[in-house]
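Next come the chains, spelled out residue by residue.
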Amino acid sequence: DFVLGSVHFVDDLDVYYADYWQDKTVFQAERRYLEATLACVELHDDFDVLAHLTYIGKTTAHPAPRAVPFEEHRELIDEILRVVARKGKGLEMNTSGVDRCGGFLPTADYFRRFKELGGEIVTVGSDAHTADRVGQYTGRACAMLKDIFGYVCTFEDRKPIFHKL
């Protein structure tokens, strides 16, 4: 019912694996990932929701998996969120990072800023690759989004439906 936009490859390298991280500090790897994400959201329109914006924080090759700190990359993240909001696209709170890097992908501070920048569409996804992870931590994610937006969205025929929480 909707199209997720996400970034997994940067400079022809899968950020999940060690080749991407070679000769980069954590800051440099995250920065380059976010730069590529900005380029993608600026260029592409055929998506409805930007999925797991801080996916890079949970990758197996990350030397110290973490929820990517908003303040470390604030200007770049602000620009990503501005473009997503301006285009009327949504932002996904992905729960797969909770037990992999200690936070949602992205964390609540990203969503507060997204709202400040005019973002309205928010979704929750568990990025489950196995049946036991389907819907994992979605209750916690919805509680956070309730505090920030008061609702969460689903989609039908690529149109958002707002559900009060």
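Please refer to the structure placed before this passage.
The rules behind these values
- Residues numbered from 1 in each chain as written.
- Predicted model: local features only at pLDDT ≥ 70, side-chain atom pairs only at ≥ 80, totals over all residues.
- Heavy atoms only, no water.
- Salt bridge = Lys/Arg side-chain N within 4 Å of Asp/Glu carboxyl O.
- Helix = DSSP H or I, 4+ residues; strand = E, 2+ residues; numbered from the N terminus.
- Buried < 20%, exposed > 50% of the residue type's maximum accessible area, 1.4 Å probe, protein only.
- Polar contact = N/O pair within 3.5 Å; in protein donor to acceptor, adjacent residues only side chain to side chain.
- Contact = heavy atoms within 4.5 Å.

Once that is clear, we can look at the pattern of salt bridges. Taken as a whole and assessed by the stated rule, the structure comprises 14 salt bridges. One salt bridge connects E30 with R66, and the closest N-O pair in it is separated by 2.7 Å. Of this pair, E30 sits in helix 2 (residues 26–43) while R66 sits in the loop between strand 4 (49–50) and helix 3 (74–86), placing them 36 residues apart in sequence. Ionic pairing is found between E72 and R66, a salt bridge with its closest N-O pair at 2.8 Å. Exposure remark for R66: the relative accessible area of 23% places this residue in the partly exposed category.

The next point concerns unusual backbone geometry. One can expect most non-glycine residues to show negative phi and most peptide bonds to be in trans. Along the chain, L105 connects to P106 via a cis peptide bond; the corresponding omega equals -5 degrees. Along the chain, P106 falls in the loop between helix 4 (98–101) and helix 5 (108–116). Phi angles above zero are rare outside glycine, and Y137 is one such case at about 65 degrees. Mapped onto the elements of the fold, Y137 is located in the loop between strand 6 (122–125) and helix 6 (138–148). Although it is not a glycine, R158 adopts a positive phi angle of roughly 65 degrees. Position of R158 relative to the elements: it lies in the loop between strand 7 (151–156) and strand 8 (159–164). Its relative accessible area of 33% is what places R158 among the partly exposed residues.

Structurally, the position occupied by R113 is in helix 5. Under the relative-accessibility criterion, R113 is labelled buried at 15%. At a separation of 2.8 Å, a polar atom in the side chain of R113 contacts the side chain of D78. In this structure, R113 is in contact with F70, R74, D78, L81 and R82, ignoring residues within four places of it in sequence.

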